[in-house]
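# Survey of secondary and tertiary structure
These are the residues of each chain, in order.
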Amino acid sequence: MKKLLVAFAAAAAFSAHADTLTVAATPVPHAEILEFVKPALAKEGVDLKVKVFTDYIQPNVQVAEKRLDANFFQHQPYLDEFNKAKGTHLVSVAGVHLEPLGAYSSKYKALTELPGGANVVIPNDATNGGRALLLLAKAGVIKLKDSNNILSTTKDIVENPKDLKFRELEAATIPRVLTQVDLALINTNYALEAKLDPSKDALVIEGSDSPYVNILVARPDDKDSEAMKKLVAALHTPEVKAFILEKYKGAVLPAF
């Protein structure tokens, strides 16, 4: 009984002094990485609560509206485009990891096998859609007006030798149509959720020189809070680097 009372007292003391930090995250790998650092943060007096989302809109909306403290799911180009489109002022707090975007097919083993008029799906948000087209251009499948424009759209395709038919879908839904199309450009977090192995299954995938590092995002007034600083420190440890490398086998790469 005495040990039980001591445990309750310790829990009460932690609750009384802990800073609560509520962070939105997509399931894989973001939420998994946050769950991994929870124990370390608890020792630092931070009660980390992870709220899982499966879309790319609400995490930013809810942080901007002060319903959540931060989010962890996006890269800087996406955040820049979101802020511009929605009039928000969210900022990057720290870079954590890179998820190379890849091209997948359930029908073909190489891009050269794609038939004329093949159906291709890419993400419908501006940054990831442009990112997908840049990857295909780099692989020599299409040619773009400006091969450095991260906001390229299908209207910027100047050469399309295979007459590929492009369709845009919400990023989260693309793995579900993989068997119905010839080629699908999929973000690694959604590829992992769909049990795809990016290092083995992708016909082509971004290299480590990709600028799309995934970042922790917050409001300007909250980015330098003590709890946020402790979260950044916890995410940038050798233990987290080892966790990412071991768990995701190269499909996700540390960016610190």
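Residues numbered from 1 in each chain as written. Predicted model: local features only at pLDDT ≥ 70, side-chain atom pairs only at ≥ 80, totals over all residues. Heavy atoms only, no water.

Named according to an unreviewed UniProt entry, the protein is MetQ/NlpA family ABC transporter substrate-binding protein originating from Pseudomonas marvdashtae.

### Describing the overall build of the protein
Counting its regular elements, the protein contains 9 helices and 13 strands. Oriented by its inertia axes, the alpha-carbon framework of the protein measures out at about 75 × 40 × 30 Å. Counting every position in the protein, which comprises 256 residues, the buried fraction comes to 48%. Residue pairs at least 24 apart in sequence account for 74% of intrachain contacts in the protein once pairs closer than 6 positions are excluded. Surface exposure of the protein reaches about 12,400 Å², of which carbon and sulfur atoms provide 54%. Charge separation in the protein, taken as the distance between the mean sites of 30 positive and 31 negative side-chain charges, equals 3 Å. (Helix = DSSP H or I, 4+ residues; strand = E, 2+ residues; numbered from the N terminus. Buried < 20%, exposed > 50% of the residue type's maximum accessible area, 1.4 Å probe, protein only. Contact = heavy atoms within 4.5 Å. Areas by Shrake-Rupley, 256 points an atom, 1.4 Å probe, with all protein chains shown as cover. Lys, Arg positive; Asp, Glu negative; His and termini not counted. Charge placed at Lys NZ, Arg CZ, Asp CG, Glu CD.)

### Notes on the packing of aromatic side chains
Throughout the structure, instances matching the rule amount to 7 aromatic pairs. Ring centres of Phe 243 and Tyr 248 lie 6.2 Å apart, and the angle between their planes is 90°; on these two criteria the pair is classed as edge-to-face. (Phe/Tyr/Trp six-rings, centres within 6.5 Å; stacked < 30°, edge-to-face > 60°.)

### Let's talk about the side chain of Ser 152
Inspection of the secondary structure assignment puts Ser 152 in the loop between strand E7 (143-144) and strand E8 (157-159). When its relative accessible area of 2% is taken as the criterion, Ser 152 is described as buried. Sequence-distant contacts of Ser 152, defined by excluding residues within four places in its chain, comprise Gly 129, Gly 130, Leu 133, Leu 134, Leu 144 and Asp 146.

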